[in-house]
Each structure stands twice: as structure tokens, then as C-alpha cells.
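What follows is the residue order along each chain.
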Amino acid sequence: NTDAAGAAHAGERMRAAIAALAIARTGGPNAHLTISIGAATVTPAAGGTVGRLIELAVQALYAAKAAGRNCMRSAAAGGEPPARQGADTADALG
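Computed from a prediction, not measured in an experiment: that's the story for all the values here.

A. Summary view of helix H1 (residues 4–21). Taking 1.5 Å per residue, 18 residues should reach 26 Å; H1 reaches 26 Å between its end C-alpha atoms and fits that length. The set of residues buried in H1 consists of Ala4, Ala7, Ala8, Gly11, Glu12 and Arg15. The buried residues of H1 all sit within an arc of 125° when viewed along its axis, so they share a single face. Exposed side chains of H1 directed beyond 90 degrees from the buried face belong to Arg13, Ala20 and Leu21.

Listed below in C-alpha cells is the structure:
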């Protein structure tokens, strides 16, 4: 359990750790292995459900991939503002 900022922080730590490994990769647009992360938070008291949590996480993952990959995007429901972190600064989902 964490809030949107905590989820973004955890996702960014994972993304940065993989990038720091500098694992060589052949083919594709990146010379090194990267990850894209989608995180989501919901507030149960505000009507957030497991289904909504999964839906938001999938949307955030696709947003990260659309932003060029190697980044983390997050989405929040239930009154929490979305958080974003990563190698670039594209808008996060709301």
C-alpha cells in the first residue's frame, strides 16, 4: 500500500536500476535493456475497485510505452493526483 508519489518513486527506482545495469541489447531502438512501468493507485473509500486499479495500471503502462519507453507513468483515482517520473517528462494520466 502506498500513495501515488510512493508508487512513482518505487517505479522510478526499478527503472533506474535496470538502466544502471547497462545490459547490451541487439535489435530495437535502444542499445541497452530498458523497462516501461505503469503504476496506479485508487482510494477504496472513494469507490476505487480492484478492476479500476488494474484498468488504470494498464493505461499507465501503455502511456509509458507511447512516451518512448524507458520511463514510468502512473495514474490515480479517488482524488489522488497522478505522479510521473522517468527518463522524460511526458504528461501522466489523470
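There's plenty left to go through after this.
B. Structural detail: unusual backbone geometry. Despite not being glycine, Arg69 shows a phi value in the positive range, around 70°. Looking at the element boundaries, Arg69 is found in the loop between helix H2 (50–66) and strand E2 (71–76). If you check the backbone angles, Asn70 has positive phi at about 55° while not being a glycine. Topologically, Asn70 is positioned in the loop between H2 and E2. Assessed through its relative accessible area of 17%, Asn70 is described here as buried.

C. Up close: the pairing of strand E1 (residues 37–41). When you tally the buried positions in E1, you get 4 out of 5 residues, the bulk of the element. Each parallel crossover has a hand, and for E1 linked through H2 to E2 it is left-handed.

D. Examining the pattern of salt bridges more closely. On inspection of all chains with the given rule, the structure shows 2 salt bridges. We note a salt bridge from Glu12 to Arg15, for which the minimum N-O separation is 2.7 Å. Of the two residues, Glu12 and Arg15 are both situated in helix H1; the distance of 3 residues between them amounts to about one turn of the helix. Overall, Glu12 belongs to the buried group, its relative accessible area being 15%. Between Glu55 and Arg52 there is a salt bridge, with the nearest N and O atoms lying 3.1 Å from each other. Here Glu55 pairs with Arg52, and both are found in helix H2, just 3 residues apart, close to one helical turn.

Thresholds, definitions, all that
In this convention, every chain numbers its residues from 1, walking through the sequence in written order. A pLDDT threshold of at least 70 governs which residues receive local features in this predicted model, and a stricter bar of 80 or more applies before side-chain atom pairs are shown or counted, although totals over entire chains, interfaces and linings include all residues. Values reported for side chains reflect all heavy atoms of the structure, with hydrogen atoms and water molecules removed beforehand. By the criteria applied, helices consist of DSSP H or I runs no shorter than four residues and strands consist of E runs no shorter than two, each listed in order from the N terminus. Working rule for helices: expected span equals 1.5 Å times residues minus one. Burial status follows relative accessibility: with a 1.4 Å probe on protein chains alone, a residue under 20% of its type maximum counts as buried, one over 50% as exposed, and anything between as partly exposed. It is the directions from the helix axis to the C-beta atoms that the arc portrays. Call a crossover right-handed when, viewed with both strands pointing away from you, the route from the first strand across the helix to the second goes clockwise. By definition here, a salt bridge exists when the distance from a side-chain nitrogen of Lys or Arg to a carboxyl oxygen of Asp or Glu is within 4 Å.

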